[in-house]
Amino acid sequence: GVEAGVAQPIAGDEFVPYSERFFAGGVRSMRGFGFRGVGPSLGSQRLGGETMVLGTLEYRIPLYSVTQRGTYRQVEMFRMQVFLDAGILD
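Basis of the calculations
- Residues numbered from 1 in each chain as written.
- Predicted model: local features only at pLDDT ≥ 70, side-chain atom pairs only at ≥ 80, totals over all residues.
- Heavy atoms only, no water.
- Phe/Tyr/Trp six-rings, centres within 6.5 Å; stacked < 30°, edge-to-face > 60°.
- Buried < 20%, exposed > 50% of the residue type's maximum accessible area, 1.4 Å probe, protein only.
- Lys NZ or Arg CZ within 6 Å of the ring centre and 35° of its normal.
- Patch = residues over 30% accessible without salt bridge, like charges linked within 9 Å, V, L, I, M, F, W, Y side chains within 5 Å.
- Areas by Shrake-Rupley, 256 points an atom, 1.4 Å probe, with all protein chains shown as cover.
- Salt bridge = Lys/Arg side-chain N within 4 Å of Asp/Glu carboxyl O.
- Helix = DSSP H or I, 4+ residues; strand = E, 2+ residues; numbered from the N terminus.
- Pairing = 2+ DSSP bridges.

A.B. asks: So what exactly am I meant to see when it comes to the packing of aromatic side chains here?
C.D. replies: In this description, an aromatic ring pair is defined by two values, namely the gap between the centres and the angle between the planes. Counted under the stated rule, the structure contains 2 aromatic pairs. Consider the rings of Tyr18 and Phe23, whose centres lie 5.4 Å apart with planes at 65 degrees: the pair is edge-to-face. Judged by its relative accessible area of 42%, Tyr18 is partly exposed. Under the relative-accessibility criterion, Phe23 is labelled buried at 18%. A cation sits over an aromatic face here: Arg31 above Phe83, 3.9 Å from the ring centre.

A.B. asks: Would you take a moment to explain a nonpolar patch on the surface for this structure?
C.D. replies: On the surface, Tyr59, Leu63, Tyr64, Met77, Phe78, Met80 and Val82 cluster together into a nonpolar patch covering about 790 Å² of accessible area. Where the nonpolar patch is concerned, the elements lending two or more residues are strand 4 (51–67) and strand 5 (74–89). Counting residues per element, the nonpolar patch draws most heavily on strand 5, which supplies 4 residues. Note that Leu63 resides in strand 4.

A.B. asks: Explain unusual backbone geometry to me, please; I cannot follow it from the model alone.
C.D. replies: What is expected of a backbone is that most residues other than glycine have negative phi and most peptide bonds are trans. Unusually for a residue other than glycine, Met30 sits at a positive phi of about 55 degrees. Examined against the element boundaries, Met30 turns out to sit in the loop between strand 1 (2–6) and strand 2 (41–42). One non-glycine residue, Arg36, adopts positive backbone phi at about 55 degrees. Structurally, Arg36 is set in the loop between strand 1 and strand 2. The class of Arg36 is partly exposed, set by a relative accessible area of 30%.

A.B. asks: What is the right way to read the pattern of salt bridges from this model?
C.D. replies: Side chains bearing opposite charge may pair, as long as their charged atoms lie close to each other. Summed over the entire model, instances satisfying the criterion amount to 5 salt bridges. Measuring nitrogen to oxygen at the nearest pair gives 2.9 Å for the salt bridge that ties Arg31 to Asp85. On the criterion of sequence distance, the pair formed by Arg31 in the loop between strand 1 and strand 2 and Asp85 in strand 5 is long-range, its members being 54 residues apart. Beyond isolated ion pairs, a larger network of salt bridges with shared partners links Arg31, Glu58, Arg60 and Asp85.

A.B. asks: I tried to follow the environment of Gln8 on my own but got confused; where do I start?
C.D. replies: Within the secondary structure layout, Gln8 lies in the loop between strand 1 and strand 2. C-alpha of Gln8 to C-alpha of Arg21: the two residues are 13 residues apart in sequence and 9.2 Å apart in space.

A.B. asks: I keep staring at the pairing of strand 5 and nothing clicks. Help me out?
C.D. replies: The side chains of a regular strand alternate, residue by residue, between the two faces of the sheet. Of the strand pairs in this sheet, strand 4 and strand 5 are connected by 15 bridges, and their pairing is antiparallel. Opposite Ser65, over in strand 5, you have Glu76 as the bridge partner. Between the antiparallel neighbours strand 4 and strand 5 lie 6 residues, among them Gly70 with a positive phi of about 85 degrees.

Put into structure tokens, the structure is as follows:
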């Protein structure tokens, strides 16, 4: 998956509002970093980025599956997952 974005200031403003900035980190983007742990900051204060490019590559391998009772449907009980996340926030 790939995701990109550019935030623009609202007419007449010089800066992009905090609520409109981009953040990365946590379970769904840039796994391994804390929630909003990636991007511009000032000390411990997270500022967020005005431009963003995020990408992820993920491969899942079923390790153990069982047949669901009363159907022919296979349900994964355990899987191995290999992933690579990359991103830029500015």
